[in-house]
Amino acid sequence: MNSWTETSTSDYLHVSSLCEFIRKPELEAWRARVGNKAAGAISRKAMKLGTAVHAIAEDAVRGREFKLDKKVDGLKECVAALQSWLSLNKVVPVAIETTLFDHENMIVGTPDLVVPVEVVDWKTSSQIRPDYIVQVNTYIPMAQFTHKLAGLMGRIVRLDPIAGVFTEYKFPFDDELYEATLGLARFIKEWRKIAWQQ
């Protein structure tokens, strides 16, 4: 792997974009149940919440003050869950919201937090989905190479916007899943080349 943290991203496949190609049956069923219009409105609210939570999480991990936007539904609860998690975990940041590059495979991604033993990603969705595992698993080799670390685990922390509690899923790096993800990345890049030529 050949990775570092300063380059153009124009020709690179973002890990988050790659994960959009992974089927999400539970979301498909939900959208069919509530309808496209309602699903779109709910998704926009969820994106607004996610953006606000990530900004506050960055400030909190850096030890900076932050303000709650009372207009964002669920933010107060997510922040309560975040503060609970931080109180239980001694966080020594290696990198916070730092973009990483895998130049060999032309993949780019920005994990929320890298600590000496794991890559952490915050989520505010209703459940921890398989594509989140793919996302964080893909970050691990990039973080290890860039920050000269070894044996990193993955940890997905879900901050509940209703109950104000957190749930989490911690897992070791899965090499087989990573190789399959690289195969998907190659397919997507080839598909894009063909599509753009039309």
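Coordinates for the structure precede this section.
As the structure is a prediction and not an experimental result, all values here were calculated from the model.

Visitor: Can you help me understand the overall build of the protein in this one?
Guide: Counting secondary structure elements, the protein contains six helices and eight strands. In the protein, the succession of α and β elements from N to C terminus is β-α-α-α-α-β-β-β-β-β-α-β-β-α. In terms of overall dimensions, the protein is globule-like: its C-alpha atoms have a radius of gyration of 17 Å, near the 16 Å expected for 198 residues. Taken along its principal axes, the extent of the C-alpha atoms in the protein is 45 × 45 × 30 Å.

Visitor: Would you explain the pairing of strand E7 (residues 153-159) in this entry?
Guide: When a strand is regular, its side chains alternate between the sheet's two faces. Summarising burial for E7: six of the seven residues are buried, a large majority. Relative to E7, strand E6 (residues 118-123) runs parallel, the two being bridged by six bridges. Counted as the bridge partner of Val 120 is Arg 155 from E7. When E7 meets strand E8 (residues 166-172), the two strands line up antiparallel, connected through seven bridges.

Visitor: Just to check I follow, could you spell out the sheet that holds strand E5 (residues 113-115) for this structure?
Guide: Within a sheet, each strand pairs with its neighbour through backbone hydrogen bonds, oriented either parallel or antiparallel. Strand order across the open sheet formed by five strands is E2-E5-E6-E7-E8, with mixed pairing between neighbours. With partners counted over all chains shown, the strands left at the sheet margins are strand E2 (95-96) and E8, one partner each. Here helix H5 (residues 130-147) sits on the sheet and contacts E2, E5, E6, E7 and E8; the angle it forms with E6, its principal contact strand, is near 140°.

Visitor: Where do I start with the packing of aromatic side chains in this structure?
Guide: Aromatic ring pairs are defined here through the distance separating the ring centres and the angle between the ring planes. Within this structure, the stated rule accounts for five aromatic pairs. Measuring from ring centre to ring centre gives 5.9 Å for Phe 21 and Trp 191, while their planes differ by 75°; the resulting arrangement is edge-to-face. Of this pair, Phe 21 sits in the loop between helix H1 (15-19) and helix H2 (25-34) while Trp 191 sits in helix H6 (residues 175-197), and the two are 170 residues apart along the sequence. The cationic tip of Lys 123 hangs over the ring face of Tyr 132; the distance from NZ or CZ to the ring centre is 4.4 Å.

The rules behind the values
- Residues numbered from 1 in each chain as written.
- Predicted model: local features only at pLDDT ≥ 70, side-chain atom pairs only at ≥ 80, totals over all residues.
- Heavy atoms only, no water.
- Helix = DSSP H or I, 4+ residues; strand = E, 2+ residues; numbered from the N terminus.
- Rg over C-alpha atoms; globule rule 2.2 N^0.38 Å.
- Buried < 20%, exposed > 50% of the residue type's maximum accessible area, 1.4 Å probe, protein only.
- Pairing = 2+ DSSP bridges.
- Contact = heavy atoms within 4.5 Å.
- Axes fitted to C-alpha atoms, helices over the stretch in contact; angles between N-to-C directions.
- Phe/Tyr/Trp six-rings, centres within 6.5 Å; stacked < 30°, edge-to-face > 60°.
- Lys NZ or Arg CZ within 6 Å of the ring centre and 35° of its normal.

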